[in-house]
Structure formats: structure tokens, C-alpha cells
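Each chain, letter by letter, is given below.
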Amino acid sequence: MKSLEAVDAVIVGSGAAGSMVAKVLAEAGQQVVVLEKGRNRIVGLGGPTRNLTTLCSNDELKSLRGFHGNDPLGEPRSFRDREDVDRTYVGPVQAIPNTVGGGTIHYDADSPRCQPDDFRMRSLYGAVEGADVQDWPLSYDELEPFYTAVEYIIGVQGEQGANPFEGRRSAPFPMPPGPPKLDGLIVAEGARKLGLHPFPFPMAINSRVYRDRPMCNDCGFCSTGCPIQAMGNSAITALQEAMLTGRCELRPDSMAYRIELDDAGRRVTSVHYFDAEGERRVQPADRVILAGNPIGTTRLLLMSSHSTFPNGIGNSSGWLGRHLTFHVISVTVGIFEKETHPYRGRTITHALADFTVNSRNESDYVRGGIVELGGSILPISVGKTLPRGPLHSLLMRQGDFWKKIATASMIAEDVPVPSNRIDLDPSVRDVYGLPVPRLTYRSHPRDLALMERYNSRLEQIVTAAGAQSVFTASREFLSGGIPQTFHMHGTARMGTDPEKSVTDPFGKFHDLENLWCADASTFVTSTAYNPTLTIQALALRCAASIVAPADPSGILQRLPPLGDGGAERGNS
């Protein structure tokens, strides 16, 4: 096992959180190593210019064959919905592919902020029996300047004031909304007929040339990885800026499997990992920042047991791995008489947030979530769902299920339940010989009641838009009972009380002097919005607290100019 030269910081993960942390630390003068489990699909990353290319393409088949992902046979996960069995399933579970840039390489780039209410659910709505709903240890106003900074770093399009339920903004969006999709316009009109308030959905996709990256050509293949770099993924934005400092080294194909502590069990000394050749390496560092995702981060901590922490480092509270949340996602599909073009353009161009506030003053109000209007579907994915034989060809040519549909999809909050958790499977091992993460998850009755309440409203919207037939299903139902929402939160909850939380409000572990978590593990509740922009804002705030613990917000004024976007920010 070879030990390498010590650096100031090791960051585990190069996705939404890790790239943002790398940017701040490297620009502050720290020597940083980023360990990324996946491969690098960006050509020219770390080179002298921002003119990067990618191996991603408009190839749905390549994406379905796991171009970005893990081998589900070599690196499975196990799942169970109750604790009296070891597991009920082994295979891909919430399998966000691993690659440099993480999930932001092939996501929809939905980038809404949370609302102020999302940070105070316990105060506003009270306790939920059988769950552990708490307020966050920070407010929307504390996070707001970091939201703004991230929007300018990655480039977010949107229209200030279009969402009547949004929180305060200190600056406009860097870019205006791009061209709307036809299916989004159709469903948005249905929502307006019902008195709802659709708005252009904020997205990290260029509506014009922004920071040397081109405007979106609306090819419709966001989910396979943007081939022209119009999508502001973490690799070509924050990580590239970190690497351009000359102080950030990216190591793809590097699988971290242990964090080492000193004899006293108070400080992290190094990260152990398998390199691209499968050799064991030891990277010493003054500090370590975990920035994978709740599953990977929790697994790494549990595998790093120490005499001081026999149940996983940073776990003196016993809460590590618990309060796992995935979001409740319902999808209502309408089939229309005429073509709606769901396969063209950005995945989503419209949304509404009416269900996140009690605007109708309902006495039995149950909070819903953000509703995406429109959607996206690609032909091979459709073909896989249709029956084989002559009928298959007829249905594909007819196109009712991919040319004439439009959807309304709600992303709502599942309440945090202590028994929903991640631990290490006692028997199943991966290709490295390491225990695979085991997910235990069962929907709370409140989550089921939420779906029952709002599914009919989603159907009303699509029907009002003119659909001839309508049906609704949850993502959990569509995957055979195993959650496949690709949204993961909790397991290392932040808080001010070390007995009730794992990290402090900036992501620093209560138990250790130099270990932080910057990913969605620290979420207290899952919120009613897509999580990526909040993950990035929290990661930026975490990194700022490392560089300037006395005044984290002050670091925002020292960030390098952001080109044309920076000029607009400064004028607001």
C-alpha cells in the first residue's frame, strides 16, 4: 500500500457538492485532491481553456447500457422494506451513475431554490407521529447569498418574480428563460384554467452564450449528457475552475474505502482508496470533505469503524445512516389527440408551486410539492414498455405513447423516519470485496396520504389541458416497490445538538476536528423541491466555513469575477 504526499484537503466525490468545495478551497490557496469513483467523460478538463468537449452524445442506447454508471452486478445494493429480513432485493437501487461531475452530467438540470418554509417544517406544521420532523439549523435567508452565487457559477436560466411563492432573491437570474416546450405550454394552460400559477422553471442550461459555453440547441437529450456543454454540470463549471488554479488534482477511477483517524480518534489523518489500476493507495490530508451522496458517504463512514467509533466514525450519536428520504414522486400522464413534442427541447420548461403553500386556506391542508409540467421521453425507452410483435411496430408508428403525451409530475416531501436507513449488508459483497450498502425504506402513512390527496389534482390539470385519457402512477409503483427517484437525503443530519445530529450547521462532524460532509446527507428534511441547487449552495457554504470560519458569507465577495454573469450580479 503506497502512501502519497500529504495535501491540505481530500474531497471524496466530484459531483454537485464536491466540485463546489474544490473550487472554493483551491481558489483560497489550498492544495486539493478530488477522489472520484467513476470515469472521466470530459475531454480537456483541467486544461488551459474553458473550451471542453465530452464523450457524451445524443445516444439513448449508450446511456441505457450504463455509459455513466456502475456495473450493477459488480457493485449492487441490497434493499428491504422491513427490518425482520436481511434483504428482499439485490441489484441497482437509487443508482445515480458515478462519473466525474456526478449526477449533474446527465440530470435534467432542474435548479429551483427551496422556499423559506422548507427550513422550518416542525415549527409550521408540527410533529408527525412515527416520524422525526425537525427544523433546519439555518434559515432561507442565511442560505440565500449562497443560492445566488451558485446560480451564477453554473449558469441558471429563469424569470425573477414569475413564481409567486418563491423566497426573497438578492439578484436576478443570470439568464432569461429559453424557448418553451410545446407539452409544457399545453399543460401550463390547463393549470391556468384551474387558477394555478405556472412559471418558467429555473434550469442550469444556457439560454444564451454564458461564460464561453454555447446556448442550448434544444436537442432533447439532456438525460444522456449534454453533447455541446450548454448544461452547467459541475465538472465543466466549478471543478474546471478549481483545476485551472493549478492547485486541484482530479483522480478519477479512485474508490475510497476507508478513512483513517489518529490514535486519539479526534482527527482524520488519511483516506484509503483503490486507484485506477486497482492498487491500494493512502492519501494523507489535513482535512477531509465527504461529497458523494448519502448512500456512498454513509457506507464509507460505517466501513471506517475505529476503536473510538465501533459503529462508524462520526457516529457517537447513533444517528448516522438514519432519516433516509427519497421524495414522493407521482407522475400523471395525459394522451392527447395531436402531437405534443415531448421529445424536443429541455426536459422541463414549466412548473408550479401552488401545492407547497396553503393558498386556499384549507383546514385539512397537507403540503404537496413542486409540480413539473411537460416532461421528456425518448423512443427506445418507450419501445421497451410496449408489447413485442406486430402490435409493437404499429404502436411505435402511431406514437400515442411518445409523440402525443404530456405529463404533470409532483416531487413532494417524504417525512424522515428513523427506521428508514442505510447500513452495511451482513453478507453481500461487491467486486472489491467490501460490504454493499443496504437500504431499509418503507413509506410513512403520511406520504401515502399525500399521494392520494394530490394525484387527483394532477389529473385535473392534465384533463383541463385537453388530454383524452389520463393515468397516474408513483415512481415507487413503476419500479416494483423499490424507490428509484434518484433523490436521496439525510443519514448524517445537521443540527446544533451533538446528541440529536451528526454534523453541525455547516456540515462539520460533531465528533471530529477536521471532517466535513458537503452532500445531501446533512439534509434535515427532504423539502418540496428538486435538491441539486440546495446541495450546491450548502456545499459552497460548507467550504466557505472552512476557509473563513469567522465570516463564511464574506468569502462570496472574494470569489473571482464571473464574466458576463458576474457583471449582472454586481449591478443588482
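Residues numbered from 1 in each chain as written. Predicted model: local features only at pLDDT ≥ 70, side-chain atom pairs only at ≥ 80, totals over all residues. Heavy atoms only, no water.

Peer 1: Let's hear about helix H6 (residues 235–244): which residues, and what values?
Peer 2: Each turn of an α-helix holds 3.6 residues, which means side chains three or four residues apart point in the same direction. Counting buried positions over the ten residues of H6 gives nine, a clear majority of the element. Buried within H6 are the following residues: Ala 235, Ile 236, Thr 237, Ala 238, Leu 239, Gln 240, Glu 241, Ala 242 and Met 243. In this fold, the buried residues of H6 make contact with helix H1 (16–27), strand E3 (32–35), strand E4 (42–43), helix H4 (140–154) and strand E9 (248–251). The first or second residue beyond H6 is Gly 246, which carries a positive phi of 80 degrees. (Buried < 20%, exposed > 50% of the residue type's maximum accessible area, 1.4 Å probe, protein only. Helix = DSSP H or I, 4+ residues; strand = E, 2+ residues; numbered from the N terminus. Contact = heavy atoms within 4.5 Å.)

Peer 1: Could you give an account of the pattern of salt bridges, with specific residues and numbers?
Peer 2: Considering all chains together, one arrives at 34 salt bridges under this definition. Notably, a salt bridge pairs Arg 346 with Asp 218, separated by 3.3 Å at the nearest N-O pair. On the criterion of sequence distance, the pair formed by Arg 346 in the loop between strand E13 (328–335) and strand E14 (348–352) and Asp 218 in the loop between strand E8 (199–200) and H6 is long-range, its members being 128 residues apart. Looking at Arg 346, the relative accessible area reads 2%, which means it is buried. As a salt-bridge pair, Glu 513 and Arg 267 come within 3.4 Å of each other at their nearest N and O atoms. Of the two residues, Glu 513 sits in the loop between helix H11 (475–478) and strand E20 (515–517) while Arg 267 sits in the loop between strand E10 (255–261) and strand E11 (268–274), which places them 246 residues apart along the sequence. When salt bridges that share partners are traced, they join Arg 113, Asp 141, Glu 144, Glu 151, Arg 168 and Arg 169 into one network. (Salt bridge = Lys/Arg side-chain N within 4 Å of Asp/Glu carboxyl O.)

Peer 1: Lay out empty space enclosed by the protein with the relevant residues and their values.
Peer 2: Per the counting criterion, the structure on display carries seven cavities of 30 Å³ or more. In this structure, the largest cavity spans a volume of roughly 160 Å³. Around the largest cavity, the lining is made up of 16 residues, and of these Pro 112, Arg 113, Asn 163, Glu 166 and Pro 202 lie nearest the centre. Every element with two or more residues in the lining of the largest cavity is listed here: H4 and E8. (1 Å grid on protein atoms, 1.4 Å probe; cavity = no way out; pocket = protein on both sides within 12 Å on 5 of 7 lines; lining within 4 Å. Points joined across faces, edges and corners; volume = space filled by probe spheres on them.)

Peer 1: I'd like a rundown of the environment of Ser 19, residues and numbers included.
Peer 2: With respect to the element layout, Ser 19 can be found in helix H1. Considered as a pair, Ser 19 and Met 243 are 224 residues apart in the sequence and their alpha carbons are 9.8 Å apart. If we skip the residues at most four places from it in the chain, Ser 19 touches Ser 14, Ser 234, Ala 235, Ala 238 and Leu 239.

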